[in-house]
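Structural characterization, general
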Amino acid sequence: MNETPDPFEMRLKSVAPAPPSDKLRNDIEKELQPTPRFNAKTGVFAAIVSVAALIAVSTMVDFGGNPIPGNNPIPGNTPNPGENPNPADSPETGNISVPANDTPVLNPEGRPYVVPVKGLKPLVDALDVSRKNPTRFDKLEQLQEILSDEPGQDKSLDQIDFETQEVLIFTWLGWKLDKLTYQLDTTQRPEIIFTHRPMDQVRRIGDGPGEPHLHFEVFAIEKGTLWSVEIEEKQTIIQ
Amino acid sequence: MDDRNWQQWFDRHGAALILFARQRADCCADAEDIVQTAFIRFWKHRESAKDPLTYLYSCVSSVSNDRYRSDSRRREREKKAWYIKADDANVGGASSSNSDTAFEPTEIEEAMATLPEEQRQVVVLKIWGELTFKNIAEVLSIPANTAASRYRLAINVLKSRLSEGAES
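If you're wondering where the values come from, they're calculated on a predicted model, not measured in any experiment.

Right, let's talk about the sheet that holds strand E6 (residues 179-185) of chain A for a bit. All names here are of chain A. Within the open sheet, the 3 strands sit side by side as E6-E7-E9. Their pairing is mixed. Among the strands making up the open sheet, the edge pair consists of E6 and strand E9 (226-231). Each neighbouring strand pair of the sheet contributes to a mean axis angle of 20°, computed without reference to strand direction.

With that out of the way, let us pick up the environment of Glu230(A). Residue and element names in this part refer to chain A. You can see Glu230 is positioned in strand E9. Classification of Glu230 as partly exposed rests on a count of 15 C-beta atoms within 10 Å. Residues Glu230 and Phe194 lie 36 residues apart in sequence; the distance between their C-alpha atoms is 6.1 Å.

Note that soluble globular proteins tend to have their nonpolar side chains buried in a common cluster. Residues Phe20(B), Ala21(B), Val35(B), Val60(B), Ile136(B) and Ala147(B) are the most contacted members of the largest nonpolar core, which totals 53 residues. Not counting chain neighbours up to four residues away, the residues in contact with Ala21(B) comprise Ala31(B), Ile34(B), Val35(B), Val60(B) and Ser64(B). Of all hydrophobic cores here, the second largest spans 25 residues; its members include Tyr182(A), Phe194(A), Phe219(A) and Trp227(A).

This paragraph deals with the confidence of the model for chain B. Reading predicted coordinates in detail is not appropriate for stretches of low pLDDT. All names here are of chain B. Mean pLDDT over chain B works out to 78, with 74% of the residues at or above the 70 mark. The spread of mean pLDDT over the elements of chain B runs between helix H3 (residues 52-70), the lowest at 83, and helix H5 (residues 117-128), the highest at 92. Overall, residues 72-81 carries pLDDT values under 50, and its contacts beyond four positions in sequence, including any with other chains, amount to 12 contacts. A low-confidence stretch, residues 85-100 (pLDDT under 50), is modelled with 36 contacts involving residues beyond four sequence positions or located in other chains. The complex prediction reports pTM at 0.48, with the ipTM value standing at 0.70.

What counts, and where the lines are drawn
All residue numbers refer to positions counted from 1 along the written sequence of the respective chain. The order in which chains are written sets their letters, starting at A; the order in which ligands are written sets their numbers, starting at 1. Reporting in this predicted model follows two pLDDT cut-offs: at least 70 for local features of residues, and 80 or more for side-chain atom pairs to be given and counted; totals over whole chains, interfaces and linings ignore these cut-offs and use all residues. One requirement defines pairing of two strands: DSSP has to find at least two bridges between them. For helices the rule is a DSSP run of H or I covering at least 4 residues; for strands it is a run of E covering at least 2, with both sets numbered from the N terminus onward. Axis definition: a line fitted to C-alpha atoms, limited for helices to the stretch in contact. Angles are taken between N-to-C directions and run from 0 to 180 degrees. With C-beta atoms placed from the backbone, a residue is labelled by how many other C-beta atoms lie within 10 Å of its own: buried for 20 or more, exposed for 12 or fewer, partly exposed between the two. Remark: nonpolar core denotes a set of buried Ala, Val, Leu, Ile, Met, Phe, Trp, Tyr and Cys residues whose joining runs through C-beta atoms within 7 Å. Any two residues are considered in contact once their C-beta atoms, placed from the backbone, lie within 7 Å. pLDDT measures the predictor's confidence residue by residue and takes values from 0 up to 100.

As structure tokens, then:
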């Protein structure tokens, strides 16, 4: 998956942290220096070898506090410099129409237009977190790319038939009681209307300020079905 | 990088480690003490670590937590627990060509100071430590999605604060 660093994050990163002091470097060096031990057999201090090696190594590095440029040294631990681009196609938004009742409706082939998929856990840094635009996946491989490595997700993937369905993943940062619901409008061409109901921060008496939650909801929808997203006004509940 | 050469590791990651430690430490000297203890622990046991870089930051986190718990003076910590200089712009692999558009260190410091400690830690680990959310989760012993949500929330705040600063 290609990653495009977020310009804002790159600007932050371009300001470097202050380097460690020379004192710290020297203290660590002292601690890591091997303790000399007398080798009775050869009659030499084994430490001489270690010190010689340390001197040899130290000539290869910069003691001036300047960092040695280079890539992350850990194979398989490629840094993640910022927001990932959306790996799937751009979302399509249909016309918003009047929500119909929420009775499940089947298409002429007997399949539901929309089914919530449970048990999938995406890697959140791979998705757009705006409320309005879910990320759309029409291929199994695309979806697999953004799933976390938690066990049991293959079973959830079996719920989806990519021949006839595509997947929408909504991810957003909000408070605990935020809701995302959906209805099917069949007055004209069937259209799924997703509705976000964002809540203001919910506080119970005696509670501290709480922490926003990262929500994600996954839906398998019949290919070619219109869909749209509505966002209700933010509601406040004080309990 | 030579895995046997601690100085290369220290040069590559030292500045970000100090910055990370400073999110909890009282002052720069304390942060350096933490990094010293953590780095030595890391170096002695690195070969048994599954992911050495994550282990390195975990050592800093662990030493920092031990200190925090055992030292009541931490209750009176300095409000500005971190500091950034602009003169080492290539640390962390950032291109020096970004320096034209870079923020002033003081701007970032002020904006970061408005964030809660747990969000600052995630931002430092992600931006300057270059860890993934999965690795950050391991370092801070929190779920990856919590790390991600803290990060996104913090970035939103920083964006807003720093753009306000640019406009005024």
